[in-house]
Amino acid sequence: MSEMEPIPTPALPPAIILCEPQLGENIGMVARAMANFGLSDLRIVNPRDGWPSEKARAAASRADHVIDAARVFDRVEDAVADLQMLFATTARNRDIPKPVVGPDEAAAEAVSYGATDLATGYMFGRERWGLNNDEVALANKIVTLPVDPTYASLNIAQAVLVCAYEWRRTATAGALPFTLEDQEGEPASQEAIQRMFDHLEGALDARGFFRPVEKKPVTVRRLRNIFQKADLTDNEVRILRGVIASFEKYPPKPRGE
């Protein structure tokens, strides 16, 4: 994975704000989730166990660039002061009149803002009870995840992971870091597939495969359809030609056997 070229994102990534996180391990897992999806702006408000944290670094699983760049604030207001769109994440209904969106809608807005270099951020609350109402009041919108309401509890890293995933999926239009075509080569031409099939048909015919003979046209069509559905690459066609050639080395059995 480390050798793959990074996929550029056209939008300024959002910041992740953690309000009074209790455990360094949770901060580290948040950093790891951020790094997975190309986020690096981590802001921490009053971490209970102080900062820096070796426990956070260990749990970050080599997301050291996120840990090293993390900023610590005494007040939430200072941590979000430069943001032009702030989402407050919560799993609970709040008596605060704000728009409520899902993580996909939030991602679309964050990408739209970020595309014009406007700063956005997601704010996450404490491990035990989340954000308080004063913190939620600072946000432009509330983000809630489509969890089962009978068990809506997620840890901070899980919630960050979902939001970061949706942001990156939107920002990159769902581009994946690699595809089968990258590894197997260009799609085979129809000419190459036809020549491979003629090779196969001739080898099978020589070995009495098409029995009874009157059903040969139907069998040939079905065999051709199998290979057409396979979306073969040049490399795969060459391999199949090699397979056919290998059993051509052995003499065909007499048709009477």
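**Q** Help me get a handle on the overall build of the protein, residues and values and all.
**A** Assigned secondary structure in the protein consists of 11 helices and seven strands. Computed over its C-alpha atoms, the radius of gyration of the protein comes to 29 Å, more than 25% above the 18 Å expected for a compact globule of 257 residues. By its C-alpha atoms, the protein is 90 × 40 × 40 Å across when sized along the principal axes. Counting every position in the protein, which comprises 257 residues, the buried fraction comes to 38%.

**Q** Explain the sheet that holds strand β2 (residues 42-45) to me, and be specific about the residues and the numbers.
**A** Strand order in the open sheet made by the seven strands is β3-β2-β1-β6-β4-β7-β5, with parallel pairing throughout. Looking at strand neighbours, the two that pair on one side only are β3 (71-73) and β5 (100-101), the edges of this open sheet.

**Q** Before we move on, can you summarise the environment of Val 101 with the specific residues and values?
**A** As for its position among the elements, Val 101 is in strand β5. With 27 residues separating them along the chain, Val 101 and Asp 74 place their C-alpha atoms 28 Å apart.

**Q** Please set out the nonpolar core residue by residue, giving values where relevant.
**A** If you look at the biggest cluster of nonpolar residues, it comprises 37 residues, and the most contacted ones within it are Ile 16, Val 30, Leu 42, Tyr 122 and Phe 124. Looking at this core, the elements with two or more residues in it are β1 (15-19), α1 (24-36), β2, α3 (64-69), β4 (85-89), α5 (103-114), β6 (120-124) and α7 (156-171). Per element, the largest residue contribution to this core is eight residues, and it comes from α7. In contact with Phe 124, not counting residues within four places along its chain, are Ile 16, Ile 17, Leu 18, Cys 19, Thr 89, Leu 131, Ile 156, Ala 159, Val 160 and Cys 163. If you look at the next biggest cluster of nonpolar residues, it comprises 18 residues, including Ile 17, Phe 73, Ala 119 and Leu 131.

**Q** Mind laying out the pattern of salt bridges, listing which residues take part and the relevant values?
**A** Enumeration over the complete set of coordinates arrives at 15 salt bridges. For Glu 109, the salt bridge identified is with Lys 141, shortest N-O distance 2.5 Å. With Glu 109 in helix α5 and Lys 141 in strand β7 (residues 141-143), the pair connects residues that are 32 residues apart, well separated along the chain. Between Asp 205 and Lys 216 there is a salt bridge; the shortest N-O distance is 3.1 Å.

**Q** Pulling in residues and values, what's your account of α5?
**A** Look at α5: 16 Å from first C-alpha to last across 12 residues, which is about the 16 Å you get at 1.5 Å a residue. By the burial criterion, the buried members of α5 are Pro 103, Ala 106, Ala 107, Ala 110, Val 111 and Gly 114. All buried residues of α5 lie within an arc of 135 degrees about the axis, which places them on one face of the element. Packing partners of the buried residues in α5 comprise β4, β5, β6, β7 and α7.

**Q** Before we move on, could you go through helix α10 (residues 216-229) and cite the residues and values that matter?
**A** Helix length check: α10, at 14 residues, gives a terminal C-alpha distance of 20 Å against a target of 20 Å (1.5 Å per residue), a fit within 8%. Taken residue by residue, α10 has Val 220, Leu 223 and Phe 227 as its buried positions. Viewed along the axis of α10, the buried residues span an arc of 65 degrees, placing them on a single side of the element. Residues Arg 221, Arg 222 and Lys 229 are exposed on α10 and point more than 90 degrees away from its buried face. The first or second residue beyond α10 is Asp 231, which carries a positive phi of 50 degrees.

**Q** Please give an account of the environment of Lys 141 that cites residues and values.
**A** For Lys 141, a relative accessible area of 18% translates into the label buried. Linking Lys 141 and Pro 97, residues 44 residues apart in sequence, is a C-alpha distance of 9.4 Å. Not counting chain neighbours up to four residues away, the residues in contact with Lys 141 comprise Leu 86, Phe 87, Ala 88, Pro 99, Val 101 and Glu 109.

**Q** Go over the packing of helix α9 (residues 190-206) against helix α11 (residues 234-248), please, and point to the residues and values.
**A** Packed helices, taken two at a time, are described by the angle their axes make and the gap between the axes. Relative orientation of the contacting elements α9 and α11 amounts to 15 degrees, with a least axis distance of 10 Å. Considering the angle they form, α9 stands roughly parallel to α11. For the element pair α9 and α11, the recorded crossing hand is left-handed. Taking contact as the criterion, the partners of Ala 192, Ile 193, Arg 195, Met 196, His 199, Leu 200 and Ala 203 in α9 are, on α11, Val 237, Leu 240, Arg 241, Ile 244, Ala 245, Phe 247 and Glu 248. Class assignment for the residues of the contact of α9 with α11 results in 10 nonpolar, one polar and three charged.

Here is what the cut-offs are and how they apply
Residues numbered from 1 in each chain as written. Predicted model: local features only at pLDDT ≥ 70, side-chain atom pairs only at ≥ 80, totals over all residues. Heavy atoms only, no water. Helix = DSSP H or I, 4+ residues; strand = E, 2+ residues; numbered from the N terminus. Rg over C-alpha atoms; globule rule 2.2 N^0.38 Å. Buried < 20%, exposed > 50% of the residue type's maximum accessible area, 1.4 Å probe, protein only. Pairing = 2+ DSSP bridges. Core = buried A, V, L, I, M, F, W, Y, C linked by side-chain atoms within 4.5 Å. Contact = heavy atoms within 4.5 Å. Salt bridge = Lys/Arg side-chain N within 4 Å of Asp/Glu carboxyl O. Expected span 1.5 Å × (residues − 1). Arc of directions from axis to C-beta. Axes fitted to C-alpha atoms, helices over the stretch in contact; angles between N-to-C directions. Parallel < 35°, antiparallel > 145°, perpendicular 65-115°, else oblique. Left-handed = near helix turned anticlockwise from the far one by under 90°. Nonpolar A, V, L, I, M, F, W, Y, C, P; charged D, E, K, R; others polar.

Read these as layout, nothing more, since geometry by itself doesn't imply function.
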